Amino acid sequence: MSLRINDEAPNFTAETTQGTINFHDWIGNGWAILFSHPKDFTPVCTTELGYMARLAPEFAKRNTKIIGLSVDPVSSHLKWEGDIEETQVSKVTYPMIGDPELKIAKLYDMLPADAGTTSDGRTAANNATVRSVFVIGPDKKIKLMLVYPMTTGRNFDEVLRVVDSMQLTAAHKVATPVNWKEGEDVIIVPAVSDEEARQKYPGGWKTVKPYLRIVPQPK
């Protein structure tokens, strides 16, 4: 099953370090980030999980939940959390999904259908494609997908920035330009006519080209 942006995020029921969840029910009416790992006790992922633990309050301010996944059992995740807290000085407070039968990794197209049915005997190299980030909106649709190589740590500050952009653009008829950060100018989308824009932005805007109109970020 190939997934694309705006597809519905596949639902599932799974065991996590915080109990059994139904994914869509767990998301509720907010946003969610699902980020996956090829194996427990891997070095790059250890740093990532610790950093996400530190970022968790920032995502919470944005009504965004965090959940991890690794193709190992929950019992292994719980031991790994001890290493993460020790080495990254950050306690993992979000759930981690156990996927020892590889069902969710396959459901989210991170492993091929013929990858087998158990994590036993598999290495991080076998699971190299299980290094994805999915941002899912309140409508349960996939808003963003990122896939990283095993040797490159993910930039979760960028994920936070993208969540800011997506939440802003979902609420207002604007887009954010290259390298945009919270509080900077935004772009009026082409679907908004000048007449409609005058009603929305009585203070005016800067027209660079008819299709490129710059305006201060809406509050």
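See the structure above.
Reading guide: rules and limits
- Residues numbered from 1 in each chain as written.
- Predicted model: local features only at pLDDT ≥ 70, side-chain atom pairs only at ≥ 80, totals over all residues.
- Heavy atoms only, no water.
- Axes fitted to C-alpha atoms, helices over the stretch in contact; angles between N-to-C directions.
- Helix = DSSP H or I, 4+ residues; strand = E, 2+ residues; numbered from the N terminus.
- Parallel < 35°, antiparallel > 145°, perpendicular 65-115°, else oblique.
- Left-handed = near helix turned anticlockwise from the far one by under 90°.
- Contact = heavy atoms within 4.5 Å.
- Nonpolar A, V, L, I, M, F, W, Y, C, P; charged D, E, K, R; others polar.
- Phe/Tyr/Trp six-rings, centres within 6.5 Å; stacked < 30°, edge-to-face > 60°.
- Buried < 20%, exposed > 50% of the residue type's maximum accessible area, 1.4 Å probe, protein only.

Enquirer: Looking at this model, I keep getting lost on the packing of helix α2 (residues 43-61) against helix α5 (residues 156-171). Mind explaining?
Expert: The relative placement of two packed helices is expressed as an angle between their axes plus a distance between the axes. It is the contact of α2 with α5, at a shortest axis distance of 10 Å, that shows an interaxial angle of 25 degrees. If you check the angle between α2 and α5, you find them roughly parallel. Between α2 and α5 lies a crossing whose hand is right-handed. For the pair α2 and α5, the contacting residues are E48, Y51, M52, L55, E58 and F59 in the first and F156, D157, V159, L160 and V163 in the second. The residue makeup of the contact of α2 with α5, split by class, is eight nonpolar, no polar and three charged.

Enquirer: Quick question: what am I supposed to make of the packing of aromatic side chains here?
Expert: In this description, an aromatic ring pair is defined by two values, namely the gap between the centres and the angle between the planes. Within the structure shown, the criterion is met by seven aromatic pairs. On the basis of an interplanar angle of 15 degrees and a centroid distance of 4.7 Å, the ring pair of F12 and F23 is categorised as stacked. One end of the pair, F12, is in the segment before β1 (13-16); the other, F23, is in helix α1 (residues 23-27), and eleven residues separate them in sequence. Ring centres of F23 and W26 lie 6.1 Å apart, and the angle between their planes is 15 degrees; this geometry places the pair in the stacked category. Taken as a pair, F23 and W26 lie in helix α1 at a separation of three residues, close to a single helical turn. Using a relative accessible area of 0% as the deciding quantity, one classes F23 as buried. The exposure class assigned to W26 is buried, which follows from its relative accessible area of 15%. Site record: aromatic cluster; members linked through ring pairs are F12, F23, W26, Y108 and F134.

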